[in-house]
Each structure stands twice: as structure tokens, then as C-alpha cells.
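Reading the structure
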Amino acid sequence: VLDMITREESRFRQTLAHGSALLDAEAVAIYRLYAGELTIQRAQGLEPDYVADAHIPVGQSVTGQAVLERRPVTLHDVAALTPDDALPLDRRRRALLERLGTNYRALLAVPLAAEEIFGAITLYYHAPRAFSQEDVELAVAFSDHAALAIRNAQLRAQVEQAAVASERRRLAHDLHDSVTQVLFSASLTAEVLPVIWQRDRVEGERALQDLRDLTRGALAEMRMLLLELRPAALQEARLDDLLAQLVAAFTGRSRVSVALDVQPGCELPADVRIAFFRIAQEALNNVAKHAEASQVSLSLHCQAAPAADRGRPALTATLSIVDDGQGFDPADAPPDHLGLDIMRERAEAVGATLTIASQSGTGVQVTAIWHDTRSEKR
């Protein structure tokens, strides 16, 4: 569990330093409990060889006893231990403790737990020390703070794992719904192509073109899914390339032609590129599912304000997706028609405006407009 805090290493080191200073300790170690044994996960002030070699069975030493009994355990002076009051130790552990005792005479160990026990925090002091109740309460408070941080890291990791699992399920669903169906259609076309070619050369050429379109669409779908698996590549890709792949995948899947018109040199910030790509993706998904269209147009145009016109934004980008399908009445859109809300949220996130114009029987026009107000603020 303590491995989950690795991504917040600097913050955790600060926690160690603050706890050590708060409790006047010369060294502090956080022990991880795994398979009945405690090992040092993070430490400050201890010798590296001790940190590497420390393996404490639960119940042995001050730290092991604190974990076993789930309560603070103190040792005011290592040198004062006698055979009668010493904790049970094996030979190797006794040698390690004797080595440690040459530098640190007093120890205070507190279990590290939040719903479950993660390990322990042990504070080390050069000189013998009589620990007061206040010392113990401060150590417990420090332990509770660290345990809460670990528990929060654990919960964040669970959320991230759930998100990853959800994304994998979505990609698997998309793979089945898009690529598998396109390849199945391509396979059927390839099987009947020889027969069609012998019977009618013109029809055979048409089927051959269909086969090309299907295979290109499948390749485009695969490229899009691979980009989804690599967010960094998606952010770095040019928007015109993304839109071209999106159109190719859509055409191969839906067999609806798309007129693509992207103005060259339309350079947009990464977050705006991604937002426009997602809006176009969702709009084309809606066309494939609901529109029953025969023609779609997708355009991206950018317009720079003249240098003399300082009252206008430096750049205006307009994304438009238009289909000739059956359309719909936006006022009667069902509440579970989440695609519209998703597009609006994408636009709002980058400060763009989104309009959806449609009437029953007249198709749909989705338009996103972004003004570069960021350069004005600079």
C-alpha cells in the first residue's frame, strides 16, 4: 500500500521532516507491513545499510510490538535493556539492534493504521529519553496524519484503476462495434467478389472499390483506437490529420460519404484541438446512429484578425459538421441523449460556443466557434 505514495515523494519527504522536527527526533522511519514482516519504506536520518537490512517480524522489537499490539511502544534507553525486560529477538535482529543502539538510545514506535494496518512509524533519539504522554500523543497524531495520506493515495489509485478498467471496456466495445463489423463486411465482400467480377465487370469494380473503402476504414478505426490508448500522441497530433482519420473511420463504418474541408495552417492550442476533435467525433457518432444521412460535410476554418483591428480576438476557429439526415427537434431530445451534453461540455471547457441547429427532416448542423482571447490577456 505504501508504494502508492511514490508519486507524491516530495510531499511525503516533507511529512517525514515535519514529523521529525515536531517530535525532536534525530531520525524517523516508516515501516511497511507485508506478509508478517516489517521493512523500511521511507526513512530520514538512518544509515543506508540499516535501512536496507532491516526486516522485523511482527511482535519483535519496539516497532514489531507496536504493530502487533496496535498501540504506541516506547524504549527510553537501549542500554538499559536486560535479559528479563528485553523484547524477544532472533540473533540477526539482535545484531542489527545493537548496531543501531550505538547511535540511537531511545525509540518511540506508533502503529500506522487507517481502517487497516499499514505498518508503523518509529522515531529515534541519540540520547536516552523519558517519553511524556504529550510525546506519545504527538506521535500518534503524526501517525494518523501519515495514515490518512496513505489511505487517500490508496483511494485515488482505486479510482484510477476503475477509470482504466472503464476505458478498456469502452475501447473493447468500440473495437467490437466498429473494426470487427467493418472487417466482417470486408470479408463478405472479398468472398463474393470473384463471382461478381465474372458476372459483371462494372459491378465487380464497384465491389472492389467497396472493399478498398472497408479496409481503409478498418485501418483508420485501428489508428484511432491506438491514439486513444496513447493520450500523449493524441495531444501532439495535428488536427487536420485527426479529422482525416476520423472521417475515414466513419466512412468505412457507416458507408456515408463525407466532404472534408480543413483550412491549411489552422494552428490551435492542444486543449482546443482535442476539444474540436472530440466534438467532431461525437457528432459523427450521432450521424451514424441516428441521422440516416446520405451526405455529411465537415469543415474547419480559421480567421485571423487584421493587425490594425485590436478590438477583435487574434484568431477565430470554426468547426462545422452538417448532415442531410432526418434531423430532430432539439426541444424534444430525450434526457438520455448524452451526446449533445458531451459536445457542449467539451466546448465550454475551452471557452468555445456550441450551437446545434436542426428540425425534423432537415438534417443537423453542429457548429463550434473558439475565439483566441488568451492572446488578448497576455
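Scoring rules and cut-offs
- Positions within a chain are numbered from 1, following the residues in the order the chain's sequence is written.
- In view of the model being predicted, local features appear only for residues whose pLDDT reaches at least 70, and side-chain atom pairs are presented and counted only at 80 or more, with totals across whole chains, interfaces and linings using the full set of residues.
- Side-chain descriptors were evaluated using all non-hydrogen atoms of the structure, hydrogens and water having been removed beforehand.
- A run of DSSP states H or I qualifies as a helix once it reaches four residues; a run of E qualifies as a strand once it reaches two. Both are numbered from the N-terminal end.
- For a helix, the expected span equals 1.5 Å multiplied by the number of residues minus one.
- Think of it in three bands: with a 1.4 Å probe and only protein chains considered, a residue is buried below 20% of the maximum accessible area for its type, exposed above 50%, and partly exposed in between.
- Two strands qualify as a pair provided that DSSP identifies no fewer than 2 bridges between them.
- Axes here mean lines fitted to C-alpha atoms, for a helix over just the part in contact, with angles spanning 0 to 180 degrees between N-to-C directions.
- For this analysis, residues touch if any pair of their heavy atoms sits within 4.5 Å.

All right, on to helix α9 (residues 270-291) then. Since the α-helix turns once every 3.6 residues, residues separated by three or four places project in the same direction. Counted at 1.5 Å a residue, the expected span for α9 with its 22 residues is 32 Å, and the 30 Å between its end C-alpha atoms agrees. Burial analysis of α9 places 16 of its 22 residues in the buried class, the great majority of the element. Immediately downstream of α9, the backbone of E292 shows phi near 55 degrees, a positive value.

In this section: the sheet that holds strand β7 (residues 257-262). Backbone hydrogen bonds are what pair the strands of a sheet, in a parallel or an antiparallel way. The 5 strands are arranged β7-β8-β9-β11-β10 in an open sheet whose pairing can be described as mixed. Both edges of this open sheet fall to β7 and β10 (353-358), since each of them pairs with a single strand only. Here the average twist between neighbouring strands, direction ignored, is 10 degrees. Note that β7 and strand β8 (residues 295-304) share 6 bridges and pair parallel. Along β8, the bridge assignment pairs S257 with Q295. With respect to the sheet, helix α8 (residues 239-254) is in contact with β7 and β8, its orientation differing from that of β7 by roughly 175 degrees. Contacts between α9 and the sheet are confined to β8, β9 (315-323), β10 and β11 (364-371), with β9 contributing the most and set at about 10 degrees to the helix.

Judged by pairing direction, the sheet is antiparallel, and its 6 strands sit side by side in the order β3-β2-β1-β6-β5-β4 without closing on themselves. If you trace the sheet from one side to the other, it starts and ends with β3 (55-57) and β4 (73-75), each paired once. Pairwise comparison of adjacent strand axes, ignoring direction, gives a mean angle of 25 degrees for this sheet. Sheet topology note: the β4/strand β5 (residues 106-114) ladder contains 3 bridges and is antiparallel. When the bridges of β5 are listed, V73 appears paired with A109.

This is a description of form; function is not addressed.
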